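So you can see what is in the structure, the chains are spelled out below.
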Amino acid sequence: MANWLRISSRTVANHIKKRMNKEFMGGAVHVNQSSGLWWGLNRGGPVSDRNRRHMDPLAWNRATLLCVQRFKTTLAEKQHDSFLSSDSDDDNQSVDFPGGKVSYTSEMSFISESSQTRVPCYRVLEDDGDLISDCDFQQVSKEDAVKMYSNMVTLQIMDNIFYEAQRQGRISFYLTSAGEEAISIASAAALSEQDIILPQYREPGVLLWRGFTLQEFADQCFGNKADYGKGRQMPIHYGSKKHNFFTISSPIATQLPQAAGIAYSLKMDNKKACVVSYIGDGGTSEGDFHAGLNFAAVMEAPVIFFCRNNGWAISTNVSEQFRSDGIVVKGRAYGIRSIRVDGNDALAVYSAVSAAREMAINEQRPILIEALTYRVGHHSTSDDSTKYRQLDEIVYWKKARNPVNRFRNWVQNIGWWSEQQETQLRNSVRKQLLEAIQVAEKTEKPPLSELFTDVYDHPPSNLEEQEKHLRETVTRHPKDYPSDISV
Amino acid sequence: MLTPFQYLLSGIYLTRYILYSRHELLLFEALQEGLEEEMERDIRVCVMGEDVGHYGGSYKVTKGLAKKFGDLRVLDTPIAENSFTGMGIGAAMTGLRPVVEGMNMGFLLLAFNQISNNCGMLHYTSGGQFTIPIVIRGPGGVGRQLGAEHSQRLESYFQSIPGIQMVACSTPYNAKGLMKAAIRSENPVILFEHVLLYNLKERIPDEDYICNLEEAEMVRPGEHVTILTYSRMRYHVMQAAKTLVNKGYDPEVIDIRSLKPFDLYTIGNSVKKTHRVLIVEECMRTGGIGASLIAAITENFNDYLDAPIMCLSSQDVPTPYAGTLEEVTVVQPAQIVTAVEQLCQ
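Each chain has its residues counted from 1, following the order in which its sequence is written. Lettering for chains starts from A, numbering for ligands starts from 1, and both go in the order in which the items are written. In view of the model being predicted, local features appear only for residues whose pLDDT reaches at least 70, and side-chain atom pairs are presented and counted only at 80 or more, with totals across whole chains, interfaces and linings using the full set of residues. Values shown for side chains rest on all heavy atoms present in the structure; no hydrogens or waters enter the calculation.

A few points about the side chain of Arg 210 of chain A
All names here are of chain A. You can see Arg 210 is positioned in the loop between α8 (204–209) and α9 (214–222). The classification of residues rests on relative accessible area computed with a 1.4 Å probe and restricted to protein chains. Under 20% of the type maximum is buried, over 50% is exposed, and intermediate values are partly exposed. A positive count includes Lys and Arg, and a negative count includes Asp and Glu. His and the chain ends are not counted in either. A carboxyl oxygen of Asp or Glu within 4 Å of a side-chain nitrogen of Lys or Arg is what we treat as a salt bridge. Despite being buried, Arg 210 has no salt bridge partner; Glu 193 is the closest side chain of opposite charge, sitting 4.9 Å away. Here the side chain of Arg 210 touches Ser 192 through a polar contact of 3.0 Å, landing on its backbone oxygen. Within 3.5 Å is the distance limit for a polar contact, defined as a pair of N or O atoms, with the added protein rule that one can donate a hydrogen and the other accept it, and that residues adjacent in sequence qualify only through two side-chain atoms. Within the structure, the side chain of Arg 210 is placed 2.9 Å from the backbone oxygen of Asp 195, a separation counted as a polar contact. Working rule for contacts: check all heavy atoms of both residues, and any pair within 4.5 Å makes them a contact. Sequence-distant contacts of Arg 210, defined by excluding residues within four places in its chain, comprise Leu 191, Ser 192, Glu 193, Asp 195, Ile 197, His 243 and Asn 244. Strands are runs of DSSP state E lasting at least two residues, helices are runs of H or I lasting at least four, and both sets are numbered from the N terminus onward.

The following block contains the structure:
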């Protein structure tokens, strides 16, 4: 029965395809709200049958269905062909190749390297925070909206204070999310606790949303004994199993194929959850980006690939990173549904991620979201971005296009937030942070014994020997080693 | 009519047959059997790699598994080693026990980033929160005219990575045992198989057994010299041993099996007995397993040595295609005989 559904929906889609043949080939990819091909929220508008198909209950028996589908792939192709050939005007000019039937043309034309217009960007709030009239968005409850805003403010203040702490020499390294607060908080707000996060490194907002305390952040940055990572990773490389936030690993884009693997695991367990993997614009140049997306598409894995296109990869501007129209157009190359969203619009990010999550889980497919934004801060404490970009560009984005201010205007205009609450929140967060830093600084570093644990499940004899040697050396020459190392 | 004595004998043989019943198979079948048994035993075990599904793997180690367990559990991946290894690591971190196959070990050089930076590290850098019980396996070593890129010996490159274990199988018995032990281990394990050993035949026990991942195997006890070897070179050593025995020597042959960590207990006991060590390996001279083994033995058992340790390795050249040239890049039995004679002077 599943096959019949596939054939009939394919035929419908094929007819639509034929009517807009040229456009489909590579012309403008307009995500037009009124066109029948809008894969967005089902709000009464026409939705293609292809979207509806996977909502049927049979799809739940995923493991076996996948088995059946895979074995029958070529068979279904043949049946489909015979079905189509009965149509009079169709397919009298088509050719069979591995991969399917393709129509041919005797007109030689190259697909243009770029479409006439760039893929438009989905936004819901104007720059000043007013809701755009007649827009499509996922409504947020007052509680969630206030939580989102408070978290964005907390993230801002946390970034400022930790950055200063690094400048004062109290921590060795820090990396801010300035300008991208809406991305991490709003995307986290649209997900459930069971969804697994594979971050790049500029998404601590997700952890913040999920309940990571300021003390826990500080402990990781100071690498003390209370750090869940036991002081083994550099600052901002957070990881928390209980928050389903996988430990950050410095090499770029390695998390993308891992995301496909985790989604594979979710598929095996038939869980109603998805994986969200973040990447920057620069990271999309890595080989792992190509393979991670390709794998997820082939495996029909429920992954949301969230690309934060903030314009800069350290000092490399996007124009030197790729020549395509951003990242969103790459989705189609892998057979992945994609959307471009205004990353500084918290509501737009929230809506897009909500919709993406539903599609990823219900239809078992990957989704690509490109969030356009701007990296207001430096790449990290290791560089000074004024050396490679204009100061007024930075100031413009910081002042006029600030996502936190924009969202605040919206929340205040509906009466869910006030100036008083603003001052109260900022003061309280600042105080908590300073306290957390003080506590974290005073907390002991992890003991020597933790240097050799967790390399394997149990320390092997050679590591035990190395530990013994080291312990003896430190005990014998205490003056040559830091005094706060507990042996 | 049988005499009481004959009854007794037949009774003993029958008991032995039942208790120690065995079946004969080839090494690749032993690997397949081990994998299949573990997949039946634990639903979390899954296989991923290129052409492992319906094709059954380049050396047929995963033959029949896709049919039995479905093609989600035995997954055919696109050609991207770094990515399906990364995928395996991600799956392992969420509770699955993947067995990742490199079609040829040499291709896993593309997965070095994931193996070194993530597989070996994430258990440690996450403070123990995430475990990676993955098995990475594949055929490696110098084959018959496969060309330089298909004749890699990766044990040299991977041996430094903290957090992983490395084992090399050499017989159907230890292949099955090591495969099962690697799958059951909580640590990431790299299992090195050899392209030329897949068709070795042996009778292995019917009952469930595993081999210890950190143990070396005593192949031939002896008194005069300790020969340490692994994988295919074990067979060259045993061939040389025959000649040596005829010449009056009594070599002790140990298949070290565990390349990381070394089984210094078994090795040490042997060194204390014979006082002479010869290492015969297939990886290159520079930075190979032999180099590390020499360092480990010298550090720990220097007082027991009567002569400097000798190490026979492959030449430091990319493996040539021409058969005659290829033969002389690896250690041949004649060299082993000469080395022992030199050692025992």
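Let's pick the thread back up.
What to know about the nonpolar core
Soluble globular proteins tend to bury their nonpolar side chains together. Remark: nonpolar core denotes a set of buried residues (Ala, Val, Leu, Ile, Met, Phe, Trp, Tyr, Cys) joined through side-chain atoms within 4.5 Å. Among the nonpolar cores identified, the biggest contains 81 residues, and Tyr 264 of chain A together with Phe 158, Phe 192, Leu 228, Ile 256 and Ile 297 of chain B are the most heavily contacted of them. Setting aside chain neighbours within four positions, we find Phe 158 of chain B in contact with Leu 108, Phe 112, Ile 115, Ile 164, Met 166, Ile 190 and Phe 192 of chain B. In this structure, Leu 191, Ala 218, Tyr 350 and Trp 410 of chain A belong to the second largest nonpolar core, which totals 79 residues.

Focus on the UniProt feature "domain: Transketolase-like pyrimidine-binding" (unreviewed entry) in chain B
UniProt positions are given in the numbering used here, feature names are shortened, and annotations may be inferred rather than shown by experiment. When the UniProt feature table is mapped to this numbering, "domain: Transketolase-like pyrimidine-binding" (unreviewed entry) covers residues 25–200 of chain B. Helix makes up 35% of residues 25–200 of chain B and strand 18%, and the two end C-alpha atoms of the span are 8 Å apart.

A closer look at the confidence of the model for chain B
The share of residues in chain B with pLDDT of 70 or more is 99%, and the mean pLDDT across the chain is 94. The ipTM for the predicted assembly is 0.78, set against a pTM of 0.80. In predicted models, pLDDT denotes the confidence assigned by the predictor to each residue on a 0 to 100 scale.

As for the sheet that holds strand β13 (residues 277–284) of chain B
Residues and elements named next belong to chain B. Reading across the sheet, the five strands line up as β9-β11-β10-β13-β14 and stay open at both edges, with mixed pairing between neighbours. Of all the strands in the sheet, just β9 (217–220) and β14 (310–314) have a single pairing partner and so form its edges. Taking each pair of neighbouring strands and ignoring which way they run, the sheet shows an average axis angle of 25 degrees. Sheet analysis places strand β10 (residues 225–229) next to β13, joined by four bridges and oriented parallel. What sits directly across from Thr 229, in β13, is Val 280. Angles shown run from 0 to 180 degrees and are taken between the N-to-C directions of axes, each axis being a line fitted to C-alpha atoms and, for helices, limited to the stretch in contact. In the packing of helix α10 (residues 264–274) onto the sheet, contacts are made with β10, β11 (251–255) and β13, and the angle to β10 comes to roughly 155 degrees. Here, a strand pair is defined by DSSP locating no fewer than two bridges between the strands.

Digging into the packing of aromatic side chains
For this analysis, a ring pair means two rings from Phe, Tyr or Trp (six-membered ring only for Trp) whose centres lie within 6.5 Å, classed as stacked if their planes differ by under 30 degrees, edge-to-face if by over 60, and tilted for the remaining angles. Evaluated as defined, the whole model comprises 17 aromatic pairs over all chains. Summarising the aromatic geometry, the rings of Phe 212 of chain A and Tyr 228 of chain A are spaced 5.9 Å apart at their centres and angled 65 degrees between planes, so their arrangement reads as edge-to-face. Of the two residues, Phe 212 of chain A sits in the loop between α8 and α9 while Tyr 228 of chain A sits in the loop between α9 and α10 (255–269), which places them 16 residues apart along the sequence. Summarising the aromatic geometry, the rings of Phe 217 of chain A and Tyr 238 of chain A are spaced 4.8 Å apart at their centres and angled 85 degrees between planes, so their arrangement reads as edge-to-face. On the criterion of sequence distance, the pair formed by Phe 217 of chain A in helix α9 and Tyr 238 of chain A in the loop between α9 and α10 is long-range, its members being 21 residues apart. Residue Phe 217 of chain A is classed as buried on the basis of its relative accessible area of 0%. What makes Tyr 238 of chain A buried here is its relative accessible area of 2%. These aromatic residues form a ring-pair network of at least three members: Phe 212, Phe 217, Tyr 228 and Tyr 238 of chain A. The criterion for a charge sitting over a ring is simple: Lys NZ or Arg CZ within 6 Å of the ring centre, and within 35 degrees of the ring normal. Geometry around Tyr 124 of chain B places Arg 232 of chain A over its ring, the cationic atom sitting 4.1 Å from the centre.

Side note on the domain arrangement of chain A
Boundary definitions for the domains trace back to an automatic or database domain assignment. Split by domain assignment, chain A resolves into domain 1 (142–442) and domain 2 (448–477). A straight line from the C-alpha centre of domain 1 of chain A to that of domain 2 of chain A covers 36 Å.

Digging into the pattern of salt bridges
Residue and element names in this part refer to chain A. Taken as a whole and assessed by the stated rule, the structure comprises 45 salt bridges over all chains. The shortest N-O distance in the salt bridge between Glu 180 and Arg 308 comes to 2.9 Å. Here the residue Glu 180 occupies a position in the loop between α6 (142–167) and α7 (181–189), and Arg 308 occupies one in strand β5 (residues 303–309), the gap between them amounting to 128 residues. For Glu 180, a relative accessible area of 0% gives the class buried. With a relative accessible area of 3%, Arg 308 lands in the buried category.

Observations concerning the interface of chain B and chain A
Counting residues at the interface gives 44 residues for chain B, matched by 43 residues for chain A. Here the buried area means the combined drop in accessible surface, using a 1.4 Å probe, for two parts upon being joined, counting both sides. For the pair chain B and chain A, the summed buried surface comes to about 3,800 Å²; carbon and sulfur atoms form 63% of the total. The largest share of the area that chain B buries against chain A comes from Leu 72, Tyr 124 and Gln 129 of chain B, three residues that together contribute 20% of it. Linking chain B with chain A are zero salt bridges, by the criterion used here. Linking chain B with chain A are 14 residue pairs in polar contact (both at pLDDT 80 or more), by the criterion used here. Breaking the side of chain B that touches chain A down by element, the ones donating at least two residues are β2 (45–49), α4 (81–93), α5 (112–119) and α6 (122–125) of chain B.

Some thoughts on the domain arrangement of chain B
Residues and elements named next belong to chain B. Under the domain assignment, chain B is made up of domain 1 (22–205) and domain 2 (217–344). Look at where the C-alpha atoms of domain 1 and domain 2 centre, and you get two points 26 Å apart. Facing 31 residues of domain 1, the contacting portion of domain 2 comprises 27 residues. Of the roughly 2,400 Å² buried between domain 1 and domain 2, counting both surfaces, carbon and sulfur atoms make up 52%. Of all residues in domain 1, the largest losses of buried area upon contact with domain 2 belong to Gln 145, Arg 153 and Gln 159, amounting jointly to 27% of the total for that side. Here domain 1 and domain 2 share zero salt bridges between them. Between domain 1 and domain 2 we count 21 residue pairs in polar contact (both at pLDDT 80 or more) in total. Breaking the side of domain 1 that touches domain 2 down by element, the ones donating at least two residues are α7 (155–158), β6 (165–168), α8 (172–184) and β7 (189–194). Ranked by residues supplied to the side of domain 1 that touches domain 2, first place goes to β6 with four residues. Three classes are used, and their members are as follows: Ala, Val, Leu, Ile, Met, Phe, Trp, Tyr, Cys and Pro are nonpolar, Asp, Glu, Lys and Arg are charged, and the others, Gly among them, are polar. Looking at the side of domain 1 that touches domain 2, its residues break down into 15 nonpolar, 13 polar and three charged.

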